[in-house]
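Read off the chains here:
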Amino acid sequence: MAEQKTTTGVVKPEIPEADVIHPMENLLRMDRMPHIWCSSCGIGIAVTAFTAALEKAKMDPNMVSIVSGIGCTGRVAGYVKLDSFHTTHGRPIAFGTGIRVANPNIKVVVFSGDGDLIAIGGNHFIHAARRNIDMLVVCVNNFIYAMTGGQVAPTTPLAAYATTSPYGCVEPPFNIPYLAESSGAVYVARWTALHVRRLTNSLAEALQKKGFSVVEVISPCAMYYSRINRLGDGLDMMRFYHDNVEIRHGEDTKNLDIGFQTKIICGKFVDRERPTYMERYSQWLTEVKGAKK
Amino acid sequence: MKLWRKPLDSDKIKIIRGEIHIIKDRCKGCSFCVEYCPKEVLEMSEEFNAKGYHPPYVKKPDDCVECHLCEMLCPEFSIFVTVKKEDEKPVTVASGEEQT
């Protein structure tokens, strides 16, 4: 099939023949492709792993809702063929809580970046973990505010350069698994964009978990983080992950700090049970008001 | 792969072969698929796509073992693998009005 020209003059990519369609065609809005993410960005890999995890966990796509905030990863909501919600900056967890409370049958997945969830949405993050709202948070961590031009994020490692830290970052970064565990998350894992199969398994496990689950995905940012720090392109970042990632399941989350070009510890760190907000709420109501007549 | 002896069940085991489909105009030339293909089936081509990137091409189409790693690692959703049909038999229509 030849190229199609739309009314706006945008050249649409060649659509494959009907008998060979992309296996993710039923979960992604392929009419929106090519997406806005830069060449060799890891967010696309995280989305692939998530769609594979949905199929692996045998989730009904009609009962899954994706909520995204602002930023590069915030665009995920526009590319999935599920009920999706593109919300204000930092508030995807707050909106997701609303969806969850209004319809407890829906599995809410918050898909957003580190700048959105940990910086401006930091309070929503810790309080949703404290209440143990039943949702899955996929936090794509690229160590920088990429969409706005590479400013220092709360996850930027010490001494790493950014456009707002010309002499190197002096602020100690957040350790996302430690923050999540200490706030009360029931499932905490960290993977890089290179570990697709393990990431898929982890996401499938977290989708079936009841409670606040956090999966951190470390993603290469070729356009800002590695360009400003002269770390090469996305492929060099992937090679760095290949050589410097150590998998330690059940590691104490205190030891998971990420320094500038130091070893990254990946794995599943926390898997525990806690009563969720809805369970506590209904239990409390029956205690106070008596059982439903 | 070199083996020091022929496996006893080598005639019974059939390796599934994959067929790689590349949507060239979606590719942004990150070359993850080329780097991480365990069988080194793919290679970057010299040609340009509509966006000015170099998409990969299938260098050794018979070596693909349908592991789907390129499909999982592609950030652009532009490469996927299907099972290669070994012997394509003509499709016979089971029922329908067309047959008289």
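Residues numbered from 1 in each chain as written. Chains lettered and ligands numbered in written order. Predicted model: local features only at pLDDT ≥ 70, side-chain atom pairs only at ≥ 80, totals over all residues.

Engineer: Teacher, can you tell me more about the overall build of chain B here?
Structural biologist: The helix and strand inventory of chain B stands at two helices and four strands. If you list the helices and strands of chain B from N to C, you get β-α-β-β-α-β. A separation of at least 24 residues holds for 61% of the contacts in chain B among residues at least 6 apart in sequence. (Helix = DSSP H or I, 4+ residues; strand = E, 2+ residues; numbered from the N terminus. Contact = placed C-beta atoms within 7 Å.)

Engineer: Hey, could you run me through the confidence of the model for chain B in this one?
Structural biologist: Interpretation of the predicted coordinates at a detailed level should be avoided for regions scoring low in pLDDT. Residue and element names in this part refer to chain B. Across chain B, the average pLDDT comes to 82, with 85% of residues at 70 or higher. Confidence drops under pLDDT 50 across residues 89-100; counting only partners more than four residues distant or on other chains, this segment forms two contacts. Reported for the predicted complex are a pTM of 0.86 and an ipTM of 0.80. (pLDDT = per-residue confidence, 0-100.)

Engineer: What am I meant to see in the environment of A:Tyr277 here?
Structural biologist: Residue and element names in this part refer to chain A. Mapped onto the elements, Tyr-277 comes out in helix 10 (residues 277-289). What makes Tyr-277 partly exposed here is the crowd of 18 C-beta atoms within 10 Å. Placed 143 residues apart in sequence, Tyr-277 and Asp-134 show a C-alpha to C-alpha distance of 7.5 Å. (Buried ≥ 20, exposed ≤ 12 C-beta atoms within 10 Å, placed from the backbone.)

Engineer: Sorry, what's going on with helix 5 (residues 122-131) of chain A here?
Structural biologist: Each full turn of the α-helix corresponds to 3.6 residues, which orients residues three or four apart in the same direction. All names here are of chain A. For helix 5, the complete set of buried residues consists of His-124, Phe-125, Ala-128 and Ala-129. Mapping the buried residues of helix 5 onto a view down its axis gives an arc of 125°, with all of them on the same face. Tucked inside the fold, the buried residues of helix 5 contact helix 3 (92-102), helix 4 (114-120), helix 6 (176-183) and strand 10 (212-218). (Arc of directions from axis to C-beta.)

Engineer: Honestly, the sheet that holds strand 12 (residues 264-271) of chain A in this entry has me stumped. Any pointers?
Structural biologist: Two orientations exist for strands paired in a sheet by backbone hydrogen bonds: parallel and antiparallel. All names here are of chain A. What the eight strands build is an open sheet, ordered 4-3-5-6-10-9-12-11; its pairing is mixed. Two strands close off the open sheet at either side, each with one partner strand: strand 4 (83-86) and strand 11 (245-247). Between one strand axis and the next, the sheet turns through 20° on average, direction left out of account. Of the strand pairs in this sheet, strand 9 (residues 187-192) and strand 12 are connected by four bridges, and their pairing is antiparallel. Its bridge partner lying in strand 12, Val-188 is registered against Val-270. (Pairing = 2+ DSSP bridges. Axes fitted to C-alpha atoms, helices over the stretch in contact; angles between N-to-C directions.)

Engineer: Got a minute to help me understand the environment of A:Gln151 in this structure?
Structural biologist: Residue and element names in this part refer to chain A. Considering the arrangement of structural elements, one finds Gln-151 in strand 8 (residues 151-152). For Gln-151, a count of 16 C-beta atoms within 10 Å gives the class partly exposed. Separated by 105 residues in the primary sequence, Gln-151 and Ala-46 place their C-alpha atoms 23 Å from one another. Discounting residues that sit within four places of it in the chain, Gln-151 has contacts with Tyr-145, Ala-162, Thr-163 and Thr-164.

Engineer: Any chance you could explain the interface of chain A and chain B here in plain terms?
Structural biologist: Interfaces are often described in size by the accessible area the parts lose on coming together. Between chain A and chain B, the contact holds 24 residues from the first and 18 residues from the second. Those elements that provide at least two residues to the side of chain A that touches chain B are helix 1 (43-56) and helix 9 (234-244) of chain A. Ranked by residue count, the leading element in the side of chain A that touches chain B is helix 1 of chain A, at four residues. Of the residues assigned to the side of chain A that touches chain B, the class counts are 16 nonpolar, seven polar and one charged. (Nonpolar A, V, L, I, M, F, W, Y, C, P; charged D, E, K, R; others polar.)

Engineer: What should I look at first to understand the pairing of strand 12 of chain A in this one?
Structural biologist: Where strand 11 of chain A and strand 12 of chain A come together, three bridges link them in parallel fashion. Bridge pairing in strand 12 of chain A links A:Glu246 to A:Ile265.

Engineer: Teacher, can you tell me more about the packing of helix 5 of chain A against helix 6 of chain A here?
Structural biologist: Between two packed helices, the angle of one axis relative to the other and the distance separating the axes together describe the packing. Residues and elements named next belong to chain A. Close contact between helix 5 and helix 6 brings their axes to 8 Å; oriented N to C, the two are set at 40°. Classified by the angle between their axes, helix 5 and helix 6 sit oblique to one another. In this structure, helix 5 contributes Ile-126, Ala-129 and Arg-130 to the contact, and helix 6 contributes Leu-179, Ala-180 and Ser-183. Its residues assigned to classes, the contact of helix 5 with helix 6 comprises four nonpolar, one polar and one charged. (Parallel < 35°, antiparallel > 145°, perpendicular 65-115°, else oblique.)

Engineer: Would you take a moment to explain the packing of helix 1 of chain A against helix 7 (residues 196-208) of chain A for this structure?
Structural biologist: Residues and elements named next belong to chain A. Their axes nearest at 8 Å, the elements helix 1 and helix 7 cross at an angle of 50°. Here helix 7 runs oblique to helix 1, going by the angle between their axes. Helix 1 and helix 7 meet at a crossing whose hand is right-handed. Contacts from Ile-45, Ala-49, Phe-50, Ala-52, Ala-53 and Lys-56 of helix 1 reach helix 7 at Val-196, Leu-199, Thr-200, Leu-203, Ala-204 and Leu-207. Here the contact of helix 1 with helix 7 is built from residues that sort into 10 nonpolar, one polar and one charged. (Left-handed = near helix turned anticlockwise from the far one by under 90°.)

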